[in-house]
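One-letter residues, chain by chain:
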Amino acid sequence: MNYFSSNFKLGILGGGQLGKMLLYNTRKFDIQTFVLDNSDQAPSKIACDKFVKGDLLDFDTVYNFGKQVDVLTIEIENVNVDALEQLENENIKVYPSSKTLRQIQNKANQKLFYVDHNLPTAPFSRFAYLSEIEDAIKNGGLELPFVWKAARFGYDGNGVKIVRQLSDLEGLPAGECIAEEMIPFKNELAVIVARNVSGDIKTYPVVEMEFHPEANQVEYVICPARIHDDVAKKAQDVALKTAEAFNHVGLLAVEMFQTQEDQILINEVAPRPHNSGHQTIEASFTSQFEQHLRAILDLPLGETKSKVGGIMVNLVGAEGHTGNVLYKNIESIMNLEGVTPHIYGKKQTRPFRKMGHVTIVNEDLSKARQIAEKVKNTIQVISE
């Protein structure tokens, strides 16, 4: 099929920053794109050929949008899967598939999938209601502390909470959830796997994630991870097995824990470009976004090696600031070696909202890490 400068139409569900960065690459290849998002302010709006405003969770909206395109992909998991299944039945190509999305959308189903496919993950219990957790603690069926996760609609640290005492359950959503054993891990790692329609598969180097202690959001993504080669190999093997078990097409970001004994346990997966791959834009031969396109269009996969060491710093809204965004001291960080800011195009900031990221590339990873710290301490995402 001719994708380039042709009548071929690629549909993207979701118009956030991941969509916007995917569109850099459809522009590069001159591929026609349609985007569906529920906000007029969606970052992707400026970069696609046709923008449709509508509810991603509404069957008719997603179905009617999908009927206009040749291949449909996502930049966010929370979409109407029944509509995707119907589109697949009518021979619209949907990647990742509705089946994969159904398994991943629900954290409890996702965890059961790992167990069924002998993929390593932390022990957990599944509960239909939050109130059942209290009963389980009281009758000794569940031990504190544990990690509570909402089964649906969690993102960026929302829908996850460490429960150390009964009172920590107060104010949590009442519905389906899981209680996961707390793993005293050494590192949080991630591997992005790309698999195309023909089944060709490649992994990017393992990255290491440093977290913000309060917000439960990633502060730094470091590539390559500062781990032993054996551990890196183990992590890549687990990621490959996971992508193959899902029969996945596109990108699959596999987030993992490295335990004190150097075991690898899957935390969760995202079937799309991911925060843990943003450094690939400057640091790799093929960015994760270009790779996602190559995979879903069944083109040859690009080289996944890094050209240089890369670190990514998330730019999130400062606490105490809500309103029109101002990137304070952005000129100062652009003065630093190997620094590139990416601004997502969200006009309004609020505390901890993802507003952009900065990549730092350097032959020397420890130098890059020092510059990353300087970036983090210099730029502020505030309101005017």
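Structure: see above.
Reference entry: report on the structure contained in this document. (Residues numbered from 1 in each chain as written. Predicted model: local features only at pLDDT ≥ 70, side-chain atom pairs only at ≥ 80, totals over all residues. Heavy atoms only, no water.)

## Describing the pattern of salt bridges
Line of reasoning, step 1. Tallied over the entire structure, the rule returns 23 salt bridges.
Line of reasoning, step 2. Where D82 meets R102, a salt bridge forms, and the shortest distance between an N and an O atom there is 3.1 Å. Here D82 is found in helix α3 (residues 81-89), whereas its partner R102 is found in helix α4 (residues 98-105), with 20 residues between them in sequence.
Line of reasoning, step 3. Take D82: its relative accessible area is 42%, and that puts it in the partly exposed class.
Line of reasoning, step 4. Of the charged contacts in the structure, one is a salt bridge between E176 and R126, with a shortest N-O distance of 2.9 Å. Within this pair, whereas E176 is found in the loop between β8 (160-163) and β9 (177-181), its partner R126 is found in strand β6 (residues 124-127), the two being separated by 50 residues in sequence.
Line of reasoning, step 5. Assessed through its relative accessible area of 39%, R126 is described here as partly exposed.
Line of reasoning, step 6. A cluster of three or more residues bridged by salt bridges with shared partners is formed by K107, K111, K149, E180 and E268. (Salt bridge = Lys/Arg side-chain N within 4 Å of Asp/Glu carboxyl O. Helix = DSSP H or I, 4+ residues; strand = E, 2+ residues; numbered from the N terminus. Buried < 20%, exposed > 50% of the residue type's maximum accessible area, 1.4 Å probe, protein only.)

## Structural notes on the sheet that holds strand β7 (residues 146-150)
Line of reasoning, step 1. One open sheet accounts for four strands, arranged β6-β9-β7-β8; its pairing is antiparallel. A strand with exactly one partner marks an edge of an open sheet, and here the two such strands are β6 and β8. Across this sheet, the average inter-strand angle for adjacent strands is 25 degrees, counted without regard to direction.
Line of reasoning, step 2. Note: β6 against β9, four bridges, orientation antiparallel. (Pairing = 2+ DSSP bridges. Axes fitted to C-alpha atoms, helices over the stretch in contact; angles between N-to-C directions.)

## Section: the packing of aromatic side chains
Line of reasoning, step 1. Using the criterion set out here, one finds seven aromatic pairs in the structure.
Line of reasoning, step 2. Ring geometry for F113 and Y114: centres 6.4 Å apart, planes at 75 degrees, overall edge-to-face.
Line of reasoning, step 3. Take F113: its relative accessible area is 6%, and that puts it in the buried class.
Line of reasoning, step 4. When its relative accessible area of 0% is taken as the criterion, Y114 is described as buried.
Line of reasoning, step 5. An aromatic cluster is built from Y3, F4, F8 and F29, whose rings are joined through pairwise contacts.
Line of reasoning, step 6. Geometry around F29 places K28 over its ring, the cationic atom sitting 5.5 Å from the centre. (Phe/Tyr/Trp six-rings, centres within 6.5 Å; stacked < 30°, edge-to-face > 60°. Lys NZ or Arg CZ within 6 Å of the ring centre and 35° of its normal.)

## Some words on empty space enclosed by the protein
Line of reasoning, step 1. All chains considered together, the criterion is met by one cavity of 30 Å³ or more.
Line of reasoning, step 2. The wall of the largest cavity is formed by A190, V191, I192, Y204, P205, V207, S276, G277, Q279 and T280.
Line of reasoning, step 3. Among the elements that take part in the lining of the largest cavity, strand β10 (residues 185-195) stands out by supplying three residues, more than any other.
Line of reasoning, step 4. Looking at the lining of the largest cavity residue by residue, the classes come out as six nonpolar, four polar and no charged. (1 Å grid on protein atoms, 1.4 Å probe; cavity = no way out; pocket = protein on both sides within 12 Å on 5 of 7 lines; lining within 4 Å. Points joined across faces, edges and corners; volume = space filled by probe spheres on them. Nonpolar A, V, L, I, M, F, W, Y, C, P; charged D, E, K, R; others polar.)

## Considering the sheet that holds strand β19 (residues 348-349)
Line of reasoning, step 1. As summarised here, the arrangement of the three strands in space is β19-β17-β21, forming an open sheet in which the pairing is antiparallel. The sheet is open, and its two edges are formed by β19 and β21 (380-383), each paired on a single side.
Line of reasoning, step 2. Judged from the four bridges that link them, strand β17 (residues 323-328) and β21 form a sheet pairing that is antiparallel. Bridging across to β21, Y327 finds its partner in V381.

## A short note on the layout of surface pockets
Line of reasoning, step 1. By volume, the second largest pocket amounts to about 340 Å³.
Line of reasoning, step 2. Forming the walls of the second largest pocket are 17 residues, and the residues nearest its centre are N314, V316, G317, A318 and K376.
Line of reasoning, step 3. For the lining of the second largest pocket, the secondary structure elements donating two or more residues are β13 (218-223), β16 (309-316), α11 (365-378) and β21.
Line of reasoning, step 4. When residues in the lining of the second largest pocket are grouped by element, the largest group, four residues, is from β16.
Line of reasoning, step 5. Here the residues of the lining of the second largest pocket are counted per class, giving eight nonpolar, six polar and three charged.

## A look at the packing of helix α2 (residues 59-66) against α3
Line of reasoning, step 1. Remark: α2 packs on α3, axes separated minimally by 8 Å, with the N-to-C direction vectors making an angle of 35 degrees. Judged by the twist between their axes, the crossing of α2 over α3 is right-handed. In this structure, α2 contributes F59, V62, Y63 and G66 to the contact, and α3 contributes D82, A83, L84, Q86 and L87.
Line of reasoning, step 2. Of the residues contributing to the contact of α2 with α3, the split by class is six nonpolar, two polar and one charged. (Left-handed = near helix turned anticlockwise from the far one by under 90°. Contact = heavy atoms within 4.5 Å.)

## Brief notes about the packing of α3 against α4
Each packed pair of helices is defined by two parameters, the angle between the axes and the distance between the axes.
Line of reasoning, step 1. Contact geometry for α3 and α4: axes closest at 9 Å, N-to-C directions at 165 degrees. Taken together, the axis directions place α3 and α4 in an arrangement best described as roughly antiparallel. When the axes of α3 and α4 are compared, the crossing they make is left-handed. Residue-level contacts link V81, D82, L84, E85 and E88 of α3 to S98, L101, R102 and Q105 of α4. (Parallel < 35°, antiparallel > 145°, perpendicular 65-115°, else oblique.)

Everything listed is a geometric property; what it means functionally is a separate question.
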